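Each chain, written out:
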Amino acid sequence: MPPHRRLRALALPALFAALLLPTAQAQTDPYPNRPITLVVGYPPGGSTDLTGRAVADQLAKVLGVPVVVENLGGAGGTIGAQKVVRATPDGYTLLLGANNEIAIARLVSSTVKYTPSDFTPIGLVASQPMVLVASASSGIRTVDQLLQAVKARPGDYSYGSSGVGTALHLAGEMLKQQAGLQMTHVPYRGVGPLTTDLVGGSIGLGVFVLSSGLPQIRGGKVVALGITEKSRSAAAPDIAPLASHPALRDMDIGVWFALMAPPQLPAPVAARLRAALAEALKAPELRRKLQDNGSTIADGAVDMPRFLDAETAKYQRIVDFAKIRE
């Protein structure tokens, strides 16, 4: 063989191996080795976004790579959730989601095709209660007064929430179901318009996420009647649970936040993320941020599939009672 052909024959395998090296290296490098995108299905500033940013900052420290929040608002968080369900299952696209888009949306909207089981659950992050409030001009100051007033004038009272099929809407319907009340649900586009109508007396009752409602309560703009979870919140220990009233003893519903990944995530990557989340949730800085936002840090021992099944069953009962469907 001529020398130049011999050199070419020797060079080709080496060149081929060099071209394959990045791919082979990417397959063998430990996860993670590049930035992670954390999708939040809401605009900046809300409770899910605040939770997502706090978690992203701490996860970046634990994992040693940037964790970049991508706000993908619209359709009650489901656009962001759908992006993650369809993403490549490599651990580089994650969802910091709430119960609205993870578990409730598909129960009330035929356009939502994914289910909780379509995600790979990484872990529960935190939860916080909602709070039932009354307009100062309504004259209602206690749960007893609420029940008496609504039962005396069935159908005359309305309560507002942040939208149809949200956890806040379901909390109001759970209240109606347990106490046998007839009230009309009025959906709003956010806390601002609802607060305006409550302060102005255009509507008598409203449901807020606790962190959103506390400024209005502390400012005397609305009256807190009770939180929707059975236990008191460390962020507002002076507000009693609605379940402390005999007519509402089974009232227990909150807003929770979870870290989720696309389906079929490789087991080693899922294990790395679960360990990283558990470590992040122990960090005093993250715990302080979440607690300042009114959240309770999740118990790391939560069985996510069982938790999601139980939560979905609870929401289904409320949706069926209220006949909620978009």
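Going along each chain's sequence as written, the residues are numbered from 1 onward. Two thresholds apply to this predicted model, a pLDDT of at least 70 for residue-level local features and 80 or more for giving and counting side-chain atom pairs, whereas whole-chain, interface and lining totals are computed over all residues. With hydrogens and water stripped out, all remaining heavy atoms of the structure feed into the side-chain values.

Undergrad: How would you explain the overall build of the protein if you had to name every residue and give the values?
TA: For the protein, the count of helices and strands is 11 helices and 10 strands. A principal-axis box enclosing the C-alpha atoms of the protein has dimensions of 105 × 40 × 35 Å. Exposure classes here rest on a 1.4 Å probe applied to the protein chains alone. A residue is buried below 20% of its type maximum, exposed above 50%, and partly exposed in between. Here the protein holds 326 residues, and the buried ones make up 50% of them. Here the accessible surface of atoms and residues is derived via Shrake-Rupley with a 1.4 Å probe, and residues count as covered only by protein chains that are part of the display. Total accessible area computed for the protein in this model is approximately 15,100 Å², and 55% of it derives from carbon and sulfur atoms. Separation between the mean location of the 31 positive side-chain charges and that of the 24 negative ones in the protein comes to 5 Å. Secondary structure elements follow DSSP: runs of H or I no shorter than four residues count as helices, runs of E no shorter than two count as strands, and numbering proceeds from the N terminus. All tallies of charge rest on Lys and Arg as positive and Asp and Glu as negative; His and the ends of each chain are not included. Charge placement uses NZ in Lys and CZ in Arg. For Asp and Glu, CG and CD serve respectively.

Undergrad: With reference to specific residues and values, describe the pairing of strand β8 (residues 222–227).
TA: Looking along a regular strand, one sees the side chains alternate between the two faces of the sheet. Where burial is concerned, most of β8 is hidden: 5 out of the 6 residues are buried. Where strand β4 (residues 120–135) meets β8, 5 bridges bridge the pair, whose relative direction is antiparallel. When the bridges of β8 are listed, Val131 appears paired with Ile227. Each pair of strands is called paired provided DSSP finds at least two bridges between the two strands.

Undergrad: Quick one: what's the story with the layout of surface pockets, residue by residue and with numbers?
TA: Taken as a whole, the largest pocket spans an internal volume of roughly 1,100 Å³. Using a grid of 1 Å spacing that covers the protein atoms alone, one calls a set of points a cavity when a 1.4 Å probe fits there but cannot get out, and a pocket when the set is open and has protein on both sides within 12 Å along at least five of seven lines; lining residues are those with an atom within 4 Å of a point. What lines the largest pocket is a set of 45 residues, and nearest its centre among them are Tyr42, Gly76, Asn100, Ser162 and Thr166. Of all elements in the fold, only α2 (47–63), α3 (78–86), α4 (99–108), α6 (167–179), α7 (191–200), β7 (205–209), α8 (210–218) and β9 (254–261) reach the threshold of two or more residues within the lining of the largest pocket. At 4 residues, α4 tops the list of elements feeding residues into the lining of the largest pocket. Along the lines of polarity and charge, the residues of the lining of the largest pocket split into 22 nonpolar, 21 polar and 2 charged. By volume, the second largest pocket is sized at about 410 Å³. The wall of the second largest pocket is formed by 23 residues, among which Leu124, Ser127, Glu229, Asp252 and Phe307 lie closest to the centre. Of all the secondary structure elements, the ones that give two or more residues to the lining of the second largest pocket are β4, β9, β10 (296–297) and α11 (304–322). If you tally residues by element for the lining of the second largest pocket, the top one is β4, at 4 residues. Grid points are joined across faces, edges and corners, and a volume is the space filled by probe spheres set on the points. Any residue that is not Ala, Val, Leu, Ile, Met, Phe, Trp, Tyr, Cys, Pro, Asp, Glu, Lys or Arg is counted as polar, Gly included; the first ten are nonpolar and the last four charged.

Undergrad: Describe the packing of aromatic side chains, listing the residues and the values that go with them.
TA: Any two of the Phe, Tyr and Trp rings considered here, Trp counted by its six-membered ring, make a pair once their centres fall within 6.5 Å; the pair's planes then place it as stacked at under 30 degrees, edge-to-face at over 60, or tilted in between. Counted under the stated rule, the structure contains 3 aromatic pairs. Between Tyr31 and Tyr92 the ring centres are 5.1 Å apart and the planes differ by 65°, which places this aromatic pair in the edge-to-face class. With Tyr31 in the loop between α1 (3–28) and β1 (36–40) and Tyr92 in the loop between α3 and β3 (93–98), this residue pair connects regions lying 61 residues apart in the sequence. Accessibility assignment for this pair places Tyr31 and Tyr92 in one class, buried. Centroid distance Tyr114 to Phe119: 5.6 Å. Interplanar angle 80°. Geometry classified as edge-to-face. Judged by relative accessible area, which is 5%, Tyr114 ranks as buried. Stacked on the ring of Tyr92, the Lys or Arg Arg34 has its end atom at 3.7 Å from the ring centre. Each ring is checked for a lysine NZ or an arginine CZ that lies within 6 Å of its centre and within 35 degrees of its normal; such an atom marks a charge sitting over the ring.

Undergrad: Which residues make up the confidence of the model for the protein, and what are the values?
TA: Known as pLDDT, the predictor's confidence for each residue is given on a scale from 0 to 100. Of the residues in the protein, 91% have a pLDDT of 70 or more, and the chain-wide mean is 91. Note on contacts: a residue pair is in contact if any heavy atoms of the two residues lie within 4.5 Å. Every residue in residues 15–19 is under pLDDT 50, and counting partners more than four places away or in other chains gives 0 contacts. Note that pLDDT drops below 50 for residues 21–27; the model gives that stretch 1 contact with residues more than four away or on any other chain.

Undergrad: Can you explain the environment of Gly180? Please cite residues and give values.
TA: Within the fold, Gly180 resides in the loop between α6 and β6 (183–187). On the basis of relative accessibility, which here comes to 55%, the residue Gly180 falls in the exposed class. Separated by 29 residues in the primary sequence, Gly180 and Lys151 place their C-alpha atoms 8.4 Å from one another.

Undergrad: Please provide a residue-by-residue account of α3, values included.
TA: The set of residues buried in α3 consists of Thr78, Gly80, Ala81, Gln82, Val84 and Val85. Against the buried residues of α3 lie β1, β3, α4 and β9.

Undergrad: An account of empty space enclosed by the protein is requested, with residue identities and associated values reported.
TA: One pass over the full model with this rule turns up 1 cavity of 30 Å³ or more. Estimated volume of the largest cavity: approximately 30 Å³. In terms of lining residues, the largest cavity is bounded by Leu132, Ala171, Gly172, Leu175, Val207, Thr228, Leu242 and Met251. If one sorts the elements of the lining of the largest cavity by residue count, α6 sits on top with 3 residues.

Undergrad: Give me the lowdown on the nonpolar core, citing residues and values where you can.
TA: Ranked by size, the top nonpolar core spans 93 residues in total, and within it Val125, Met251, Ile253 and Trp256 carry the most contacts. Residue contacts for Trp256: discarding those within four places in its chain leaves Gly97, Ala98, Asn99, Ile102, Ala103, Leu124, Ala126, Ser127, Phe307, Leu308, Glu311 and Tyr315. Here, the term nonpolar core denotes a set of buried Ala, Val, Leu, Ile, Met, Phe, Trp, Tyr and Cys residues that are joined through side-chain atoms within 4.5 Å. In this structure, Val131, Val133, Leu194 and Ile203 belong to the second largest nonpolar core, which totals 14 residues.

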